[in-house]
Amino acid sequence: MGRAERRRRMRIVRRKLGALVLPRVAPPVLGLLARSWRYETFGQENWDSSYARPGMLVTIWHGRMVLAMPVGAGKGLSVLVSPSDDGKLLLPLLTRFGYEWVSGSSNKNPTRAVREMQDRLRAGGRIVITPDGPRGPRHGANPGTAWLARATGFPILPVGFATDDAWRLKSWDRFTIPKRRARVVVSYTEPIEVKSDASDEELAAVTEEMKRRMVAAEEEAFRHLGVAPDW
């Protein structure tokens, strides 16, 4: 058996073990850890102004989902979750923190997920999207979020997160889990409005600006914590 085949089989074993253990262990453990995290917030006014709208799109990086879960708990947020096995492992955590979810992917048959997100937004929903998920590359994005903003008229709120002490998985997104009593900074940037008649070129520019704001927000947050960015 070659090395590549051994790695493939090990990934399958890890996923199966994770599917058995994580739904039972992760929610209470993460809930206990989260109560010890010390949050600081930048740009609260940007969150407040966006949340006051009848709908909004929130973007965070895939590797920061754990940092974000306590922040949006109980605020009526829905998360776009990949229908993959890895995505399904997140569902117990989302339930623990009071989130709903939309199952779908921007890469595989996105039509149903897009339709459901549009319906939720128009009904006053607020959607969280990880533009580099579910497979990367890290800090990558497609114009899907900008397209939704154009179609619904609701703003995009790019958000950055940083922590000074964490476990980081050896995954493409360096999935981040803050340690006990870690400091965590959440940085809300200025929301981005997308015109209803925006061209494809303008949507691409919005996507690049969204990425720039998210990265810049995290760089500022890491500087505030006195630690280097983790990318």
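Structural data are supplied above this passage.
In this text the structure is predicted, and so the values were computed from the model without any measurement.

A. Fine view of the overall build of the protein. The number of helices and strands found in the protein is eight helices and nine strands. Burial statistics for the protein: of 231 residues in total, 47% are counted as buried. When contacts within the protein are restricted to residue pairs at least 6 apart in sequence, long-range pairs at least 24 apart make up 75% of them. Of the roughly 11,800 Å² of accessible surface on the protein, a fraction of 54% belongs to carbon and sulfur atoms.

B. Highlighting the packing of aromatic side chains. On inspection of all chains with the given rule, the structure shows three aromatic pairs. Taking 6.0 Å as the distance between ring centres and 75 degrees as the angle between the ring planes, the aromatic pair formed by Phe 222 and Trp 231 counts as edge-to-face. Within the aromatic cluster, the residues linked to one another by ring pairs are Trp 47, Tyr 51 and Tyr 188. The ring of Phe 97 is capped by Arg 96, whose NZ or CZ atom sits 5.0 Å from the centre of that ring. Over the aromatic face of Tyr 51 sits the side chain of Arg 126, whose NZ or CZ is 4.1 Å from the ring centroid.

C. Geometry of the sheet that holds strand β6 (residues 156-163). Spatial strand order, β1-β9-β6-β2-β5-β3-β4: seven strands in an open sheet with mixed pairing. Lying at the two open borders of the sheet, with one neighbouring strand each, are β1 (38-42) and β4 (100-103). Ignoring strand direction, the axes of neighbouring strands in this sheet form an average angle of 25 degrees. For strand β2 (residues 56-59) and β6, the ladder comprises three bridges, and the chain directions are parallel. Each bridged residue has a counterpart across the sheet, and for Thr 59 the counterpart in β6 is Pro 158. Of the strands in this sheet, β1, β2, β3 (77-81), β5 (126-129), β6 and β9 (183-188) are in contact with helix α2 (residues 44-51), which crosses β2 at around 145 degrees. Strand contacts of helix α7 (residues 144-152): β2, β5 and β6, with the helix running at about 165 degrees to β2, the strand carrying the most contacts.

D. Region of interest: the packing of α7 against helix α8 (residues 200-225). With their axes 8 Å apart at the nearest point, α7 and α8 run at an angle of 120 degrees to one another. Taken as a pair, α7 and α8 cross one another with a handedness that is right-handed. Residues Thr 145, Ala 146, Trp 147 and Arg 150 of α7 lie in contact with α8, whose contacting residues are Asp 200, Leu 203, Val 206, Thr 207 and Met 210.

E. Layout of α8. An ideal rise of 1.5 Å per residue puts 38 Å on 26 residues; α8 measures up with 38 Å between its terminal C-alpha atoms. Immediately downstream of α8, the backbone of Gly 226 shows phi near 80 degrees, a positive value.

F. How the structure looks around the nonpolar core. If you look at the biggest cluster of nonpolar residues, it comprises 32 residues, and the most contacted ones within it are Trp 37, Ile 60, Met 69, Val 159 and Phe 161. Elements that contribute at least two residues to this core include exactly α1 (3-34), β2, α3 (65-68), β3, α5 (91-96), β6 and β9. Discounting residues that sit within four places of it in the chain, Trp 37 has contacts with Leu 30, Val 66, Pro 70, Pro 178, Lys 179, Arg 181, Ala 182 and Val 184. Core analysis: the next-biggest nonpolar cluster, separate from the first, contains 22 residues, Leu 80, Leu 121, Ile 129 and Leu 148 among them.

Thresholds applied
Residue indices begin from 1 for each chain and proceed along its sequence in written order. Side-chain atom pairs in this predicted model are given and counted only at pLDDT of 80 or more, local residue features only at pLDDT of at least 70, and totals for whole chains, interfaces and linings cover all residues. Side-chain figures throughout are based on the complete set of non-hydrogen atoms in the structure, without hydrogens or water. Secondary structure elements follow DSSP: runs of H or I no shorter than four residues count as helices, runs of E no shorter than two count as strands, and numbering proceeds from the N terminus. For the exposure calls, accessible area comes from a 1.4 Å probe over protein chains only, and a residue counts as buried if that area is under 20% of its type's maximum, exposed if over 50%, partly exposed in between. It only takes one pair of heavy atoms within 4.5 Å for two residues to be counted as in contact. Values of accessible area rely on a 1.4 Å probe in the Shrake-Rupley scheme; residue burial ignores everything except the protein chains shown. Stacked, tilted and edge-to-face are the three classes applied to pairs of Phe, Tyr and Trp rings, where Trp contributes its six-membered ring and a pair requires centres within 6.5 Å; stacked means planes under 30 degrees apart, edge-to-face means over 60, and tilted covers the rest. The criterion is that NZ of a Lys, or CZ of an Arg, lies within 6 Å of the ring centre and within 35 degrees of the ring normal, and then a charge sits over that ring. By definition, two strands form a pair when at least two bridges between them are found by DSSP. To obtain each axis, a line is fitted to C-alpha atoms, and for helices this fit is confined to the stretch in contact; angles are then taken between N-to-C directions over 0 to 180 degrees. Note: crossing handedness is left-handed where the near helix turns anticlockwise from the far helix by less than a right angle, and right-handed where it turns clockwise. Helices are assigned an expected span. That span is 1.5 Å times one less than the residue count. Buried Ala, Val, Leu, Ile, Met, Phe, Trp, Tyr and Cys residues form a nonpolar core when they are joined through side-chain atoms within 4.5 Å.

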